[in-house]
Amino acid sequence: APEGLQEVRLGFIGPLAGDDLPPPPTGTRPAVRYDPKAVFGRWMLRGATLAIEEANASGGYGGIPFRLVPRTDLVLWGQSSNELVRFALEDRVWAVLSSIDSNHNHVLSRVTLKLEVPIVSAGSTDPTLVEHAIPWLVRSIHDDRQNSYALLNEIFVVRGLRRAALLRVNDRDGRVGVMEFVEGARRLGHPIVIEQRFYNGDTDFRPLLERIRETSPDALVLWGNPRETGLAVRQAREMGMRTDIFGFDRLNQASFLEAAGEAAEGVVVAASMNPDSEEEAWLRFKKSYRERWGEDPEMFAAHAYDGMVLLIEAVRKGGLNRARIRDALFDLKTHRGATGTMVFDTNMSDVGTVWLGTVKGGRFHYRAAPKWAER
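Okay, so let's go over this structure. Values in this document were obtained by computation on a predicted structure and should not be read as measured data.

Reading the values: the criteria
- Residues numbered from 1 in each chain as written.
- Predicted model: local features only at pLDDT ≥ 70, side-chain atom pairs only at ≥ 80, totals over all residues.
- Heavy atoms only, no water.
- Salt bridge = Lys/Arg side-chain N within 4 Å of Asp/Glu carboxyl O.
- Helix = DSSP H or I, 4+ residues; strand = E, 2+ residues; numbered from the N terminus.
- Buried < 20%, exposed > 50% of the residue type's maximum accessible area, 1.4 Å probe, protein only.
- Expected span 1.5 Å × (residues − 1).
- Polar contact = N/O pair within 3.5 Å; in protein donor to acceptor, adjacent residues only side chain to side chain.
- Axes fitted to C-alpha atoms, helices over the stretch in contact; angles between N-to-C directions.
- Parallel < 35°, antiparallel > 145°, perpendicular 65-115°, else oblique.
- Left-handed = near helix turned anticlockwise from the far one by under 90°.
- Contact = heavy atoms within 4.5 Å.
- Nonpolar A, V, L, I, M, F, W, Y, C, P; charged D, E, K, R; others polar.
- Core = buried A, V, L, I, M, F, W, Y, C linked by side-chain atoms within 4.5 Å.
- Pairing = 2+ DSSP bridges.
- Right-handed = clockwise from strand over helix to strand, strands pointing away.

Applying the stated criterion across every chain yields a total of 32 salt bridges. Notably, a salt bridge pairs glutamate 83 with arginine 71, separated by 3.2 Å at the nearest N-O pair. Of this pair, glutamate 83 sits in helix α2 (residues 80-91) while arginine 71 sits in strand β2 (residues 66-72); the two residues are 12 residues apart in sequence, bridging distant segments of the chain. Overall, the relative accessible area of 17% leaves arginine 71 in the buried class. Here arginine 159 and glutamate 154 are joined by a salt bridge, their closest N and O atoms 3.1 Å apart. By relative accessible area, which is 33% here, arginine 159 ends up partly exposed. Within the structure, one salt-bridge network assembled from shared partners comprises Glu131, Arg139, Asp143, Arg145, Glu180, Glu183, Arg186 and Arg187.

Okay, here's the thing in structure tokens:
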């Protein structure tokens, strides 16, 4: 280990707005463009911070405290490569926790082929992220392939529906997120009848919903952030659409229920964890998070907490050597954390239990998806 080391630095990169970032040496905060995903970054930063604080309370790294170094990926596409360079060469972090944006995660994974910085992605559900077999990145959350299988089974097998329509956000996360669902529906003999797209920040979905209604679907599947999809559900019901509605895990948020209101009743979403769990690890995390931040944790906060715990344990096992930290991560087969039990496949992506959340009485109620559907 380096002599005279005062702290062990671990990085976090995600959609952080200016108030979540430390000020530069001039004392002013950087101007960062607003993005609706910034709320996910704030939740994930809080979860990661809690993991760091708990690790320091238990002795840090052999008595040396851990320090979290945050950077934002609310930058132009591709510039996150510069952020990883700064992590490695300026901040001198030993590993990095990354967030939800698939564009930036792909960039980070390629740059780390040169920099050799271990990365745990705790938020990106892009199925293609780990398919390049880059040996420096681990994913600690389900991808949209797993979520698609659970939704395909619920829609076409359990409910016997036949005509599914798609309404998704028009960005890379949405495009890649629904790919496996579209292909799976085709393989099952029920190709998607129509796909409509919206942009983050949109508030009027009626023209898109009218086009969807004209195709007479019996299922409407949503991929997008919670505010937009919640408004779409509300407007669909106001238009008299009684189609069964389903969604991917971004909808599994209190803000979706708030935006949709009573129209959310009966909506079914894929979920990467069970917030109703009575497991000790989840209850302990939930209590600690509420005491630290004054609110209940959303699922991305929990995934960031678990991802940072993975990094901390890998540092403690491998020592202050990036290659050995990477080896400790890639030795993982399972890990039990706040979000449940992770099961890592050969690409080091979590393929553990997928949950389905159904809105009843204004809240989500969860059940495990069939095991065969997860494969």
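For the rest of this paragraph, the subject is helix α4 (residues 144-158). Between the first and last C-alpha of α4 there are 20 Å, a value that for 15 residues agrees with the 21 Å anticipated at 1.5 Å per step. Across the 15 residues of α4, 12 count as buried, placing the element largely inside the fold. Along α4, the residues classified as buried are Asp144, Gln146, Asn147, Ser148, Tyr149, Ala150, Leu151, Leu152, Asn153, Glu154, Ile155 and Phe156. Of the residues flanking the start of α4, the one acting as N-cap is aspartate 143, its side-chain oxygen 2.9 Å from the backbone nitrogen of arginine 145. Once α4 finishes, glycine 160 follows within two positions and takes phi at roughly 70°, a positive value.

With 13 residues, helix α8 (residues 226-238) ought to run about 18 Å at 1.5 Å a step, and its terminal C-alpha atoms sit 18 Å apart, in line with that. The buried count for α8 comes to 10 of 13 residues, which makes it a mostly enclosed element. The positive-phi residue at the C-terminal boundary of α8 is glycine 240, with phi of around 90°.

Remark: helix α11 (residues 299-318) packs on helix α12 (residues 322-330), axes separated minimally by 8 Å, with the N-to-C direction vectors making an angle of 120°. Between α11 and α12, the crossing angle belongs to the class labelled oblique. α12 is crossed by α11, and the crossing has right-handed handedness. Mapping the contact onto sequence places Leu310, Leu311, Ala314, Val315, Lys317 and Gly318 in α11 and Arg324, Ile325, Ala328 and Leu329 in α12. Across the contact of α11 with α12, the residue classes tally to seven nonpolar, one polar and two charged.

Counting residues in hydrophobic clusters, the biggest one holds 53 residues, and the most contacted among them are Leu167, Phe181 and Phe256. If one sorts the elements of this core by residue count, α4 sits on top with six residues. If we ignore the near neighbours within four places in the chain, the residues touching phenylalanine 256 are Pro226, Thr229, Gly230, Val233, Leu251, Ala264, Val267 and Phe364. Tyr61, Met273, Ala302 and Leu332 belong to the second largest nonpolar core, which has 51 residues in total.

Another point: the pairing of strand β9 (residues 244-247). Where strand β8 (residues 219-223) and β9 come together, four bridges link them in parallel fashion. The residue bridging leucine 222 from the neighbouring strand is glycine 247, located in β9. For the segment spanning β8, α8 and β9, crossover handedness is right-handed. Sheet topology note: the β9/strand β10 (residues 268-271) ladder contains two bridges and is parallel. Paired with glycine 247 across the strands is valine 269, a residue of β10.

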